[in-house]
Amino acid sequence: MSHSEHSIERDSLAYAIEKHVEVHAQKCYQCGKCSAGCPVAEEMDLPPSLVMRLLQTEKSSNDDKVLRSESIWLCLTCEMCLSRCPMEIDIPSMMDYLRQRSRSEKKVNPKMKNIVSFHKAFLHSIQYTGRLFELGLILDYKRQSLKLTQDMMLAPKMISNGKLHFIPELLKDMPHITKIFKKTIVEGGSK
Amino acid sequence: MKIGVYPGCSLTGSARDYNESVFALAKAFDIELVQVPDWNCCGATAAHNLNRELSLSLPARILATAEKNGLDEILVPCAACYSRLIVTQHELKKNPELKNRINEIIGMDYRGTTKLINVIEWIDASIIPNLEGKITKPFDYKVACYYGCLMVRPNKVLNYDRAEDPQTMDIVMEKIGAHALYFPFKTECCGAGLSVSRTDTVSKLSGKIIEDAVHRGADTLIVACPMCHSNLDMRRPDINKYWKSDFKLPVMYVTQAIGLAIGLTPKEVGLQRHFVKVNIS
């Protein structure tokens, strides 16, 4: 049992993070190295060290701020924060958990809708063909984000460079992939 | 010599050039690359952002298939796929209960015995020792080796090179005649999976990397990740627009540079497929 486990509020987000991904927010002593090294900190509403601080308060209003933040979706999982953290706090794994929690509680920041749409379109593509079908992904993303003209200039050159498929490569064992999606995404409610 | 390979989706599409150069090198050094049969997508950024169990199950299916087919070692040229596969091995080794759950989801017996090899490890083990007498055109250029994130981080999981100022790719490039420049941006993120949904962020981050390499006098960037390549190469018009610049610095895969050095043609290593013209042959 870690030192923080017996003192932590059981209904707090910090407790859930410990339980699900074994990351201990209480270990953070606010040195700020994560925020200094984070390539997207300047675009975030809450830099990573502030996310850590808010979680440490174990206040539901602060937990809510974290789950509704832009930061959790802007995080690139570049792993720089973990690499430089003197306490080896796995912030990237924590961010994965926060994103999933934010979706399941329907707290996704509206400004981050396109990022989530892209991830969803990506998973749709794999769900139906087993491998990424880039053309299908782009069309599905355009449909969801309504960014219809984006990257129109890329397509002709991708085609002439031989980098775009018109027909998806289907796996032989597609039922296997379907089953995996059913047991994770569908039954897990994160469709 | 025979070794397994997991190409991943990018190598069949937008990183076809990388695929061609990996297979051309293998052929030149008499290495047979055997694809993991009926391989699926690793799930990439999308899966670990949206669903943890899916993000472990997709790589576990790939690894269990490799195990079932007796592929003890698999080369994973894409740094992003490599990361998802090795992180899955790490997570499932750490947590047997989770491993059982994932095995239940995939309906297979994943054991975690496959040895994963990144492209530089493969080059170090199978290409460099057999290089003598093969170099017909030394790669006499100033290069900035760009490792990105996933070749070196999370370093405790990968156990490969050092996280700050790694050297493995620089050493490989020096061995084929290049001059590897001091390059502080070598492990800064290019913007990764936000290429489509936040192109401005990617243009900013990738532009910083290119600007520094140009500033240091590089003739080319050298990369080992399709995601980095597409952000630095295919996104160049967006980068130049964002930075109000006209950067013409080419971006080459490490395997393409080695290919040229041993006398393969630019076409054999897929250089004609790049968006930014490569004036190196």
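**Some thoughts on the packing of helix H1 (residues 16-28) of chain B against helix H12 (residues 254-261) of chain B**
Residues and elements named next belong to chain B. Remark: H1 packs on H12, axes separated minimally by 8 Å, with the N-to-C direction vectors making an angle of 45 degrees. Taken as axis vectors, H1 and H12 run oblique relative to one another. The crossing of H1 and H12 is left-handed. Contact residues: Asp17, Tyr18, Ser21, Val22 and Leu25 in H1; Thr255, Gln256, Ile258 and Gly259 in H12. A class-by-class count of the residues in the contact of H1 with H12 yields 4 nonpolar, 4 polar and 1 charged.

**Looking at the interface of chain A and chain B**
Across the boundary between the two partners, chain A contributes 58 residues, which contact 60 residues of chain B. Both faces combined, the contact of chain A with chain B buries some 5,300 Å², and carbon together with sulfur accounts for 56% of it. Of all residues in chain A, Leu76, Arg131 and Lys163 of chain A bury the most surface against chain B, accounting for 12% of the area lost on that side. Between the two partners, chain A and chain B, sit 7 salt bridges. Arg198 of chain B serves as the salt-bridge partner of Glu43 of chain A, at 2.7 Å between the closest nitrogen and oxygen. Taken together, chain A and chain B are joined by 31 residue pairs in polar contact (both at pLDDT 80 or more). Of all the secondary-structure elements, those providing two or more residues to the side of chain A that touches chain B are helix H1 (13-21), helix H5 (71-74), helix H6 (80-84), helix H7 (91-104), helix H8 (113-129), helix H9 (134-145), helix H10 (154-160) and helix H11 (174-186) of chain A. If one sorts the elements of the side of chain A that touches chain B by residue count, H8 of chain A sits on top with 8 residues.

**Concerning the pairing of strand S2 (residues 32-35) of chain B**
Residue and element names in this part refer to chain B. Here strand S1 (residues 2-5) pairs with S2 via 4 bridges, running parallel. The residue of S2 that forms the bridge with Ile3 is Leu33. For the handedness criterion, the β-α-β arrangement of S1, H1 and S2 is classed as right-handed.

**Considering the nonpolar core**
Trp122, Phe139, Leu221 and Val254 of chain B are the most contacted members of the largest nonpolar core, which has 164 residues in total. Leu154, Met158 and Leu164 of chain A together with Phe275 of chain B belong to the second largest nonpolar core, which has 5 residues in total.

**Notes on the layout of surface pockets**
Within this model, the second largest pocket holds a volume of roughly 750 Å³. Looking at the second largest pocket, it is lined by 38 residues, and the ones nearest its centre are Phe118, Leu132, Glu134 and Leu137 of chain A together with Ser14 of chain B. Among the secondary structure elements, those contributing two or more residues to the lining of the second largest pocket are H8, H9 and H10 of chain A together with helix H2 (44-50), helix H4 (79-94) and helix H10 (226-234) of chain B. Here the lining of the second largest pocket is built from residues that sort into 25 nonpolar, 9 polar and 4 charged.

**Description of the packing of aromatic side chains**
Evaluation of the coordinates by the stated rule reveals 6 aromatic pairs over all chains. Feature note: the residues Phe118, Phe122 and Tyr141 of chain A constitute an aromatic cluster, connected by ring pairs. The residue whose ring lies beneath Arg131 of chain A is Trp39 of chain B, and the NZ or CZ to ring-centre distance is 3.5 Å. Residue placement shows Lys134 of chain B over the ring face of Phe29 of chain B; its charged tip is 4.6 Å from the ring centre.

**Quick look at the pairing of strand S5 (residues 142-145) of chain B**
With 2 bridges connecting them, S5 of chain B and strand S6 (residues 179-180) of chain B associate as parallel partners. Residue pairing across strands places Val143 of chain B opposite Ala180 of chain B, the latter belonging to S6 of chain B.

**Considerations on the domain arrangement of chain B**
All names here are of chain B. Considered domain by domain, chain B is made up of domain 1 (2-119) and domain 2 (133-273). Taken over C-alpha atoms, the centre of domain 1 sits 23 Å from the centre of domain 2. Counting from both sides, the interface comprises 25 residues of domain 1 and, opposite them, 24 residues of domain 2. At the junction of domain 1 and domain 2, the tally comes to 1 salt bridge. Our enumeration of links across domain 1 and domain 2 arrives at 4 residue pairs in polar contact (both at pLDDT 80 or more). Listing elements by their share of the side of domain 1 that touches domain 2, those giving two or more residues are H1 and H4. The dominant element in the side of domain 1 that touches domain 2, judged by the number of residues it contributes, is H1, at 9 residues. Class assignment of the residues belonging to the side of domain 1 that touches domain 2 gives a composition of 16 nonpolar, 6 polar and 3 charged.

**A look at empty space enclosed by the protein**
Under the counting rule described, the total for this entry stands at 7 cavities of 30 Å³ or more. What lines the largest cavity is a set of 29 residues, and nearest its centre among them are Leu76 of chain A together with Thr45, Leu150, Ala192 and Met227 of chain B. Among the secondary structure elements, those contributing two or more residues to the lining of the largest cavity are H2, H4 and H10 of chain B. No other element matches the 5 residues that H4 of chain B contributes to the lining of the largest cavity. Considered class by class, the residues forming the lining of the largest cavity number 19 nonpolar, 8 polar and 2 charged.

**Describing the packing of H8 of chain A against H9 of chain A**
Residue and element names in this part refer to chain A. Interaxial distance between H8 and H9 falls to 9 Å at its minimum, and their mutual angle equals 140 degrees. Relative to H9, the crossing made by H8 is right-handed. Together, Lys113, Asn114, Ser117, Phe118, Lys120, Ala121, Phe122 and His124 of H8 and Leu137, Asp140, Tyr141, Gln144 and Ser145 of H9 make up the contact between the two elements. When the residues that make up the contact of H8 with H9 are grouped by side-chain class, the tally is 5 nonpolar, 5 polar and 3 charged.

**Let's talk about the domain arrangement of chain A**
All names here are of chain A. Examined at the domain level, chain A breaks down into domain 1 (13-108) and domain 2 (111-186). Just the C-alpha atoms count here: the centres of domain 1 and domain 2 sit 28 Å apart. At the interface, 5 residues of domain 1 touch 6 residues of domain 2. Roughly 540 Å² is buried in total at the junction of domain 1 and domain 2, and carbon and sulfur atoms are behind 77% of that figure. Per-residue buried area on domain 1 facing domain 2 is highest for Glu70, Trp73 and Arg103; these three make up 77% of the total on that side. Linking domain 1 to domain 2 there are 1 salt bridge. The residue Lys111 makes a salt bridge to Glu70 at a minimum N-O spacing of 3.2 Å. When grouped by side-chain class, the residues that make up the side of domain 1 that touches domain 2 number 3 nonpolar, no polar and 2 charged.

Thresholds, definitions, all that
Sequence order as written defines residue numbering, which begins from 1 separately in each chain. Chains and ligands are labelled sequentially in the order written, the chains with letters from A and the ligands with numbers from 1. Only residues with pLDDT of 70 or above have their local features reported here, since the model is predicted, and side-chain atom pairs are shown and tallied only from 80 upward, although totals for entire chains, interfaces and linings are computed over all residues. Excluding hydrogens and water, the side-chain figures rest on all heavy atoms present in the structure. A fitted line through C-alpha atoms represents every axis, and for helices the fit uses only the stretch in contact; the resulting angles, taken between N-to-C directions, go from 0 to 180 degrees. Here a strand is any run of E in DSSP of at least two residues, a helix any run of H or I of at least four, and the numbering for each starts at the N terminus. For classification purposes, angles smaller than 35 degrees are called roughly parallel, those larger than 145 roughly antiparallel, those between 65 and 115 roughly perpendicular, and all remaining angles oblique. With the far helix as reference, a near helix turned anticlockwise by less than a right angle produces a left-handed crossing, and one turned clockwise produces a right-handed crossing. We call two residues in contact whenever any of their non-hydrogen atoms come within 4.5 Å of each other. Polarity classes work like this: nonpolar for Ala, Val, Leu, Ile, Met, Phe, Trp, Tyr, Cys and Pro, charged for Asp, Glu, Lys and Arg, and polar for all others, with Gly in that last group. Each of two parts loses accessible area, computed with a 1.4 Å probe, when they are put together; buried area is these two losses added. A carboxyl oxygen of Asp or Glu within 4 Å of a side-chain nitrogen of Lys or Arg is what we treat as a salt bridge. Throughout this description, a polar contact denotes any pair of N or O atoms lying within 3.5 Å of each other; where both atoms belong to protein, one of them has to be capable of donating a hydrogen while the other can accept it, and for residues adjacent in sequence the pair is counted only when both atoms sit in side chains. The pairing criterion for strands is at least two bridges between them, as found by DSSP. With the strands aimed away from the viewer, a crossover counts as right-handed if its path from the first strand over the helix to the second runs clockwise. Throughout this description, the term nonpolar core refers to a set of buried Ala, Val, Leu, Ile, Met, Phe, Trp, Tyr and Cys residues connected via side-chain atoms within 4.5 Å. Only protein chains enter the area calculation, which uses a 1.4 Å probe; residues under 20% of their type maximum are buried, those over 50% are exposed, and those in between are partly exposed. Both site types are read off a 1 Å grid over the protein atoms alone. A 1.4 Å probe that fits but cannot get out defines a cavity, while an open set with protein on both sides within 12 Å along at least five of seven lines defines a pocket; lining residues have an atom within 4 Å of a point. Grid points are joined across faces, edges and corners, and a volume is the space filled by probe spheres set on the points. When two rings of Phe, Tyr or Trp (its six-membered ring) have centres within 6.5 Å they constitute a pair, described as stacked for plane angles under 30 degrees, edge-to-face for angles over 60, and tilted for the intermediate range. Lysine and arginine charges are scored as sitting over a ring when NZ or CZ, respectively, is within 6 Å of the ring centre and within 35 degrees of the ring normal. A domain assignment, automatic or from a database, supplies the domain bounds used here.

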